[in-house]
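Residue-level structure breakdown
Below are the chains, spelled out letter by letter.
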Amino acid sequence: MKSVAMMVQHASRIIPMTVRWTGGTPSIEEGTSHATIADTAAGVATITFVDAFSRKPVILLGTESATGEKVTAHLRSVSQTGFILESINEAGANADSTVDTHILVVGFDSADEA
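About the cut-offs
- Residues numbered from 1 in each chain as written.
- Predicted model: local features only at pLDDT ≥ 70, side-chain atom pairs only at ≥ 80, totals over all residues.
- Heavy atoms only, no water.
- Helix = DSSP H or I, 4+ residues; strand = E, 2+ residues; numbered from the N terminus.
- Buried < 20%, exposed > 50% of the residue type's maximum accessible area, 1.4 Å probe, protein only.
- Contact = heavy atoms within 4.5 Å.
- Core = buried A, V, L, I, M, F, W, Y, C linked by side-chain atoms within 4.5 Å.

1. Let's talk about the side chain of Glu-86
Note on placement: Glu-86 falls in strand S7 (residues 82-89). Given the relative accessible area of 16%, Glu-86 is considered buried. Every residue in contact with Glu-86, bar those within four places of it in the chain, is listed here: Gly-43, Val-44, Thr-72, Ala-73, His-74, Arg-76 and Asn-94.

Here it is in structure tokens:
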């Protein structure tokens, strides 16, 4: 009889968040119990998870502008403890109008999850 390795499925952790940029200042509108935010530069914020993941999570982003301005969001320095979020308008400058960045973070609390 062949040996079959047991594969254990660990629960994933999903964090939905919304970061609102108003006049260039970011704040967490949804997901305040999961992360904190620091305004580190114009259009740049550092997001820190309240509970770190055991390894780097996957992060999905989407933007919505109250003024119709085309804005993109970029991630930098993603780690188990957080990430840097940058919001850039179509002129290539950091966004300073009212922009919502919708964020979905998916990760695991077990380092051996495949």
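2. Here's the deal with the nonpolar core
Buried together is how nonpolar side chains tend to be arranged in soluble globular proteins. In terms of nonpolar packing, the biggest core is built from 17 residues, with Met-17, Val-19, Phe-83, Ile-103 and Val-105 touching the most fellow members. Breaking this core down by element, the ones donating at least two residues are strand S1 (12-22), strand S4 (44-49), S7 and strand S8 (99-108). For this core, the element with the most residues is S1, which contributes 4 residues. Excluding residues within four positions of it along the chain, Phe-83 makes contact with Ala-45, Thr-46, Ile-47, Phe-49, Ile-59, Leu-75, Arg-76, Ser-77, Val-78 and Ile-103.

3. Some remarks on unusual backbone geometry
Although it is not a glycine, Ser-77 sits at a positive phi angle of roughly 55°. Position of Ser-77 relative to the elements: it lies in the loop between strand S6 (71-76) and S7.

4. Considerations on the environment of Phe-49
Position of Phe-49 among the secondary structure elements: in strand S4. For Phe-49, a relative accessible area of 4% gives the class buried. Separated by 30 residues in the primary sequence, Phe-49 and Ser-79 have C-alpha atoms spaced 9.9 Å apart. Here Phe-49 is in contact with Ile-15, His-34, Ala-35, Pro-57, Ser-79, Gln-80, Thr-81, Gly-82, Phe-83 and Val-105, once residues within four sequence places are set aside.

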